[in-house]
Amino acid sequence: METLPDESFKKAVERVNCSIDILILSNGPGELATWVKPVVQTLRQQLGDDREQVRISVVLSPCANASGQEATIARRFPEVDRVQEASHFFPFLLWGKTAENWDWRSQGVVLFLGGDQFFPVIVAKRLGYRSVIYAEWEARWHRWIDRFGVMRPEIATRAGSKYADKFTVVGDLMAEVGRWGAGEERRKGGKGEREKEKAEGRGQRAEGEASGARSQESEEDAEMRRRGDAEDSLIQNADSPQPSALSPQSSVLNSIQNLKLKTHNFSSTPHTPHPTPHTLIGILPGSKPMKLSLGVPLLLAIAEQIQRIRPDTRFVIPVAPSLDLLTLAQFGDPEQNPVIRRLGWTTAELVTPEATEPFLKTGNGLRADLWTQSPAYELLAQCTLCLTTVGANTAELGALAVPMIVILPTQQMDVMRAWDGLPGLLANLPGVGSAFATAINWLALRRMGLLAWPNIWAKEEIVPELVGELHPEAVAQLAIDLLNHPEKLEAMRTRLRNVRGKPGAAEKLVQLVREEIEKMKAKS
C-alpha cells in the first residue's frame, strides 16, 4: 500500500510560501544504487509526487569508479526530475551554471550522497540553500554544513560538542537494499508490468558495481579507495601481454597463488549430488572491462563444473545497467577476449530467441539466463548462492542476506602499471617492468584486507573470499560443498542478516531534509 504524503510537510511548504528544490550531489554507480535510490524513493513517499511543490535534481561529480553510465542510471529513477552528467560538474561548481541552464527555486536543500564533502559547502552557499550531508566514515566542514546524518555515533563524537546539535545518527544506507529490494517489483505492478517493461525494451539492469569510492578524505575512506584501486589493478587489460601470468618460474607470482586462497572447511561427506529442483545460482561478473575480461569466462567455467555435478542447477546473470548484451557477450568470445585461450577457460555466445529471454550459451552447452530488469533484487533474493566479483554488489547481496562466494582472480598480476611516483617508474621499466609490476601488485594485495562489504562490516570473514590464481574446479568444489550442506548456507544467511544493520536510515535522513525545510519558514 502506497504511503500518502505527510500533511505536515505540505503545510510546511505552504508556510514558506514557495515550492522546494532538493539537489542531490552524488558520484559513482555504487552510491546511486545503494544511497541515492532508497533516498529518492523515501523522499517521494514522504514528500509527495507533486513536482510543482517538490522537485528533485541529481548532479553527478567525477568518480574514479564511474562506468560512464551514471547519468543514464539516475534518469531511470522515476522519482528524479532532472540529472546532470559528471562531465559538466566543474563548470557548475565554479560558476553555478548547469549544461542545460537549469532554473533554481528560491528555497531548497542540497543533499550530499557521494563525492567530496566540500562540494555541498560551495553549492549550498551559492544557491542560498540549506545543506545536509550523509557521512559514512567522516564528517567534515562542520561550521558550514547545516546537518549531518551519520552512519555511526563515533563520527559525531569526533566532531566535538560544539557541533553536536548538527549530528544525527541515521544508520547505514546500504542496509536499505534489503527493505526496498525484494518487494519493489511487486509495487511496480507485478509480473504483468514486468513483462510489459521487457516488451518495451526497458531492460537495463541495476548492479551498483563500484566499490565505495566515497571521496570524503578520511583515513577509512582513503583505505577504501586504495582497496578499490587495488582490486581493479589486479584484473585489468585482458589484451596486454601476460608473460608472468604464464611463467611458473616467477617466484613472486607463485607466492601469490595461495596468498588469500584461504583454507575453507570442506565436509568429508562425498560430493553426492542432492539437488533441489532448479537450484538457482546468480553470476555477477561486474560491469567494467577490467573485471569482465576475467570474470565472465571464469565464472562461467565454474558454473560448468557445478552443473556437471549438479545437473539440475540453473544459472542467471543480472546484467549491469551500464552494459548491453552484445558487449557482455564479447567477453565470452575468444577472438575478442584473448584471456580465454590463454587460461583455458570457457567460451560463450549470446543467444536471443524471439519467444524467451536472451541467454549466454557456453562451449559445453551450459545456459546462463540474462536478467533484463532493473533492479534485480527480487531475482537475487531467490538465489540459493551467488558467485560474484568484489564491489558494491557484495553490499547489496549482503543486505538481501544472499549467500555468496567472492572471487578476485589475479592471473594478470603484471598488467597494472598505473602507479604514481617511484612504483610507477619501476613498473614501466623496459624488460624488467613486468616483474616489478607483479611484485608491487602483490604487495598491494597483501595490504588489501577483507574485500566483501559484509566481511568489512563484520571485521571477519562471513562469506568466502577467494583471491589468487583461481581455478574453476577448486571454486566449484567450494560451491558444491555449500549446496550439499544447506545448513552452511543458512548459517551464512543468518550472519548476513545480523551484520547488515537495521533499515530505516533513508527515513531518518529524509527527516533531516524535512526539518531543514521547516527552518526556512523562519527566514521567509
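Structure: above.
This report concerns the structure included in the present document. The structure presented is a predicted model; accordingly, all values stated were derived computationally and were not measured. (Residues numbered from 1 in each chain as written. Predicted model: local features only at pLDDT ≥ 70, side-chain atom pairs only at ≥ 80, totals over all residues. Heavy atoms only, no water.)

### Considering the overall build of the protein chain
A tally of helices and strands in the protein chain yields 22 helices and 15 strands. Counting over 524 residues, the protein chain shows a buried share of 58%. Of all intrachain contacts in the protein chain linking residues separated by at least 6 positions in sequence, the fraction that spans at least 24 positions is 72%. Within the structure as shown, the protein chain displays about 21700 Å² of accessible surface, and the carbon and sulfur contribution to it stands at 52%. (Helix = DSSP H or I, 4+ residues; strand = E, 2+ residues; numbered from the N terminus. Buried < 20%, exposed > 50% of the residue type's maximum accessible area, 1.4 Å probe, protein only. Contact = heavy atoms within 4.5 Å. Areas by Shrake-Rupley, 256 points an atom, 1.4 Å probe, with all protein chains shown as cover.)

### Observations regarding the pairing of strand β11 (residues 359-362)
Working note: regular strand, side chains alternate between the two faces of the sheet. Judged from the 4 bridges that link them, strand β10 (residues 348-351) and β11 form a sheet pairing that is antiparallel. Residue L350 lies in a different strand from β11, and its bridge partner there is L360. Pairing geometry for β11 and strand β12 (residues 367-371), over 3 bridges, is antiparallel. From the neighbouring strand, F359 faces β12, where its bridge partner is D369. (Pairing = 2+ DSSP bridges.)

### A word on unusual backbone geometry
You will see that W141, though not glycine, has its phi angle at about 55°, which is positive. With respect to the helices and strands, the residue W141 is situated in the loop between β5 (130-135) and β6 (147-150). Of note, K459 is a non-glycine position whose phi angle comes to about 60°, a positive value. If you trace the backbone, K459 turns up in the loop between α19 (453-458) and β15 (465-468).

### As for the pattern of salt bridges
Evaluation of the coordinates by the stated rule reveals 23 salt bridges. In this structure, D146 engages R130 in a salt bridge whose closest nitrogen and oxygen atoms are separated by 3.7 Å. Within this pair, whereas D146 is found in the loop between β5 and β6, its partner R130 is found in strand β5, the two being separated by 16 residues in sequence. For R130, a relative accessible area of 18% translates into the label buried. (Salt bridge = Lys/Arg side-chain N within 4 Å of Asp/Glu carboxyl O.)

### Overview of the sheet that holds β11
Adjacent strands of a sheet pair through backbone hydrogen bonds, lying either parallel or antiparallel. In spatial order, the strands read β10-β11-β12-β9-β8-β13-β14-β15; together these 8 strands make up an open sheet with mixed pairing. Pairing within the sheet leaves two strands with one partner each, and these edge strands are β10 and β15. Averaged over all pairs of adjacent strands, the angle between their axes in this sheet comes to 25°, without regard to strand direction. Sitting on the sheet, helix α12 (residues 289-309) is in contact with β8 (280-284), β9 (314-318), β10, β11, β12, β13 (385-389) and β14 (404-409), with an inclination near 165° to β8. (Axes fitted to C-alpha atoms, helices over the stretch in contact; angles between N-to-C directions.)

### Things to note about the environment of P338
Residue placement: P338 occurs in the loop between α13 (325-330) and α14 (339-343). Linking P338 and S293, residues 45 residues apart in sequence, is a C-alpha distance of 8.7 Å.

### Quick notes on a nonpolar patch on the surface
Among the surface-exposed residues, F90, L94 and W95 lie close enough to one another that they form a single nonpolar patch of about 390 Å² accessible area. Note on placement: L94 falls in helix α4 (residues 89-95). (Patch = residues over 30% accessible without salt bridge, like charges linked within 9 Å, V, L, I, M, F, W, Y side chains within 5 Å.)

### Notes on the sheet that holds strand β7 (residues 167-169)
Read across the sheet, 7 strands follow the order β3-β2-β1-β4-β5-β6-β7 without closing on themselves; strand pairing throughout is parallel. Of all strands in the sheet, those bounded by a partner on one side alone are β3 (82-84) and β7. In this sheet, neighbouring strand axes are inclined to one another by 20° on average, regardless of whether the strands run parallel or antiparallel. Where β6 meets β7, 3 bridges bridge the pair, whose relative direction is parallel. Note that in β7 the partner of F148 across the bridge is F167. In this fold helix α2 (residues 29-47) packs onto β1 (20-26), β2 (54-60), β4 (107-112) and β5, with an angle of close to 170° to the strand it touches most, β1.

This is a description of form; function is not addressed.
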